[in-house]
Amino acid sequence: MTGKYPNTRMRRTRATTWSRALHRENLLTPTDLIWPLFVTEGSGVEDPVASLPGVSRWSVDGIVARAKEAVDLGIPVIALFPNTPPEKRSDKGEEAHNPDNLMCRAIKAIKDACGEEIGVLTDVALDPYTSHGQDGLLNDAGYVLNDDTVAALVDQAINQAEAGADIIAPSDMMDGRIHAIRMALEMGRHPNVQIMSYAAKYASAFYGPFRDAVGSGDLLKGDKKTYQMDPANSDEALREVELDIAEGADSVMVKPGLAYLDIIYRVKQQFGVPVFAYQVSGEYAMIEAAEAAGIGDRNALLMEKLIAFKRAGCSGVLTYHAPVAARLLNG
Ligand code: PBG
């Protein structure tokens, strides 16, 4: 209830720093952040991603150092993505099932070094391993086959869980994969491995720099519109979320982030489940481009966007700016 002026002056509570702090409705802390990292072969390697200024691909030793950095900054989870060497990519993405692949080596090294001090989230989808850059298995017409792909994703997820992954995050948008992965985790004695499903993932133009970072950009022909969602739709996102929760997801993700705040809000209102936003590579690149062009302050732009996710109802945000944001928040 709001009274009439001058009984009510909305500016009264905004007049001082302490009062603004007292009346702040939403809070961002480093524990809201998930830091996505790119892994590459070799040792002592830091390979900058040209389209993501400030982001590098790290060899496993560097990834372990980043994990320790995250612990020091109070970031609870890191997300891993591999840049698979071209010679290990294939039509069916078999490298995804190799227990000694780059991802598994990185997971093990982090768990050996940091134990329960940090959670490791791993992406499940075949695109970092396929020679065509699609997330699944293709038929002769180039269509991504649903059920064959789900079987491959189950193997990939179990491979990651065996290596020590804490949160399995399927980003492929196949139908039925959450149920299939959940059953396999139960049967494989991994009852406490979480699933954070990329439940509402849109066919977006904001993923370009990521595809550079994992090396699938040049390989990909066409688009992913037969499995990722149409940006025009939101009722459909609620159906996707409802299905994934029923199939055994512990939390759901909306991706990309800022252009889809309405989806985050609707999901949180309707289901009350933990919702995460992925502030994707193109969103990171736009903030950096604004800073480089002198048309905006990186830190201010970043913090305003991150609090918007909290306001919309997010439990947390995947962002390449996680260490920058955590440093700002830690003062
Ligand atoms: C692949 C995957 C993508 C991203 C995360 N997992 C790209 C895609 O679907 O083509 C995008 C992340 C980003 O842009 O930061 N399954």
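Each chain carries its own residue numbering, running from 1 in the direction its sequence is written. Only residues with pLDDT of 70 or above have their local features reported here, since the model is predicted, and side-chain atom pairs are shown and tallied only from 80 upward, although totals for entire chains, interfaces and linings are computed over all residues. Note that the side-chain values use all heavy atoms of the structure and ignore hydrogens as well as water.

J.: So what exactly am I meant to see when it comes to unusual backbone geometry here?
T.: Glycine aside, negative phi is the norm for most residues, and most peptide bonds take the trans geometry. With an omega of 5°, the peptide bond between Tyr-5 and Pro-6 qualifies as cis. Segments assigned H or I by DSSP are reported as helices when at least four residues long, segments assigned E as strands when at least two residues long, and all are numbered from the N terminus. Along the chain, Pro-6 turns up in the segment before α1 (17-23). The residue after Lys-255, namely Pro-256, is reached through a cis peptide bond having omega -5°. Mapped onto the fold, Pro-256 is located in the loop between β10 (251-255) and α8 (261-271). At Met-173, a residue that is not glycine, the phi angle is positive and equals roughly 65°. Phi at Arg-189 takes a positive value of approximately 60°, unusual for a residue other than glycine. For Arg-189, the position within the fold is in the loop between α5 (177-187) and β9 (194-201). Any residue under 20% of the maximum accessible area for its type is buried, any over 50% is exposed, and the rest in between are partly exposed; the area is computed with a 1.4 Å probe on protein chains only. The exposure class of Arg-189 is exposed, given its relative accessible area of 74%.

J.: Any chance you could explain the packing of aromatic side chains here in plain terms?
T.: What counts as a ring pair is set by centres within 6.5 Å for rings of Phe, Tyr and Trp (its six-membered ring), and what kind of pair is set by the plane angle: stacked under 30 degrees, edge-to-face over 60, tilted for all other angles. Applying the stated criterion across every chain yields a total of nine aromatic pairs. On the basis of an interplanar angle of 80° and a centroid distance of 6.1 Å, the ring pair of Tyr-284 and Tyr-320 is categorised as edge-to-face. One end of the pair, Tyr-284, is in helix α9 (residues 281-292); the other, Tyr-320, is in the loop between β12 (316-319) and α11 (322-330), and 36 residues separate them in sequence. Taking the relative accessible area as the measure of exposure, Tyr-284 reaches 4% and is therefore buried. Taken together, the ring pairs in this structure connect Phe-38, Phe-81, Tyr-198, Phe-210, Tyr-278, Tyr-284 and Tyr-320 into an aromatic cluster. Two conditions define a charge sitting above a ring: the NZ of Lys or the CZ of Arg must be within 6 Å of the ring centre, and it must be within 35 degrees of the ring normal. The positively charged end of Lys-201 is found above the aromatic ring belonging to Tyr-207, 5.5 Å away from the centroid. Positioned over the ring face of Tyr-207 is Lys-255, at 4.6 Å from the centre of the ring.

J.: How should I be thinking about the site of the ligand in this particular structure?
T.: The criterion for a residue being near a molecule or strand is simple. One of its heavy atoms has to lie within 4 Å of it. Close contacts around the ligand come from 17 residues, with Lys-201, Arg-211, Lys-224, Lys-255 and Tyr-320 the closest. Whenever a nitrogen or oxygen atom comes within 3.5 Å of another N or O atom, the pair is scored as a polar contact, on the condition that within protein one atom can donate a hydrogen and the other can accept it, and that pairs from neighbouring residues in sequence are kept only if both atoms are in side chains. Between a nitrogen atom of the ligand and a side-chain N or O atom of Asp-127, the distance comes to 3.2 Å. Under the convention used here, a 1.4 Å probe and the Shrake-Rupley method define accessible areas, while residue burial counts only the protein chains that appear. Against a free-state accessible area of 400 Å², the protein chains account for coverage of 100% of the ligand.

J.: Would you take a moment to explain the pattern of salt bridges for this structure?
T.: Where charged atoms from two side chains of opposite charge come close, those side chains can pair. Counted as salt bridges are all cases of a side-chain nitrogen of Lys or Arg within 4 Å of a carboxyl oxygen of Asp or Glu. According to the stated counting rule, one finds 14 salt bridges in the structure shown. In this structure, Asp-32 and Lys-310 form a salt bridge, with 3.0 Å as the shortest nitrogen-oxygen distance. With Asp-32 in the loop between α1 and β1 (33-39) and Lys-310 in helix α10 (residues 298-312), this pair connects stretches of sequence that are 278 residues apart. Taken individually, Asp-32 and Lys-310 each receive the classification buried, so the pair is uniform in this respect. A salt bridge links Lys-224 to Asp-127, with the nearest nitrogen and oxygen atoms 3.7 Å apart. Taken together, the residues Lys-224 in the loop between α6 (208-214) and α7 (235-247) and Asp-127 in the loop between β5 (119-124) and β6 (137-138) connect sequence positions 97 residues apart.

J.: Before we go on, may I ask you to explain the nonpolar core in this structure?
T.: Nonpolar side chains in soluble globular proteins generally cluster together in the buried interior. Grouping buried Ala, Val, Leu, Ile, Met, Phe, Trp, Tyr and Cys residues that are joined through side-chain atoms within 4.5 Å yields what is termed a nonpolar core. In this structure, Ile-78, Leu-80, Ile-110 and Ile-264 are the most contacted members of the largest nonpolar core, which totals 77 residues. In terms of nonpolar packing, the next biggest core, distinct from the first, is built from 25 residues, Ile-34, Val-55, Met-253 and Tyr-284 among them.

J.: Just checking my understanding: could you explain the UniProt feature "binding site: Mg(2+)" (unreviewed entry) in the chain for this structure?
T.: UniProt positions are given in the numbering used here, feature names are shortened, and annotations may be inferred rather than shown by experiment. If you check UniProt for "binding site: Mg(2+)" (unreviewed entry), the listed places come out as Glu-240 in our numbering. When you line up the elements, Glu-240 lands in helix α7. For Glu-240, a relative accessible area of 14% gives the class buried. Working rule for contacts: check all heavy atoms of both residues, and any pair within 4.5 Å makes them a contact. Not counting residues up to four positions away in its chain, the partners in contact with Glu-240 are Met-173, Ala-199 and Met-229.

J.: Would you take a moment to explain the UniProt feature "active site" (unreviewed entry) in the chain for this structure?
T.: Those residues carrying the UniProt feature "active site" (unreviewed entry) are Lys-201 and Lys-255 in this numbering. A maximum C-alpha distance of 4.9 Å is found for the annotated residues, which run over 55 residues; spatially they form one tight group. Counting through the fold element by element, Lys-201 comes out in strand β9. With relative accessibility at 5%, the residue Lys-201 sits in the buried group. Sequence-distant contacts of Lys-201, defined by excluding residues within four places in its chain, comprise Asp-135, Ser-171, Met-173, Tyr-207, Gln-228, Met-229 and Lys-255. A distance of 3.0 Å separates a polar atom in the side chain of Lys-201 from the backbone oxygen of Ser-171. Inspection of the secondary structure assignment puts Lys-255 in strand β10. Each residue touching Lys-255, except ones within four places of it in the same chain, is listed here: Tyr-198, Ala-200, Lys-201, Tyr-202, Tyr-207, Tyr-278 and Val-280.

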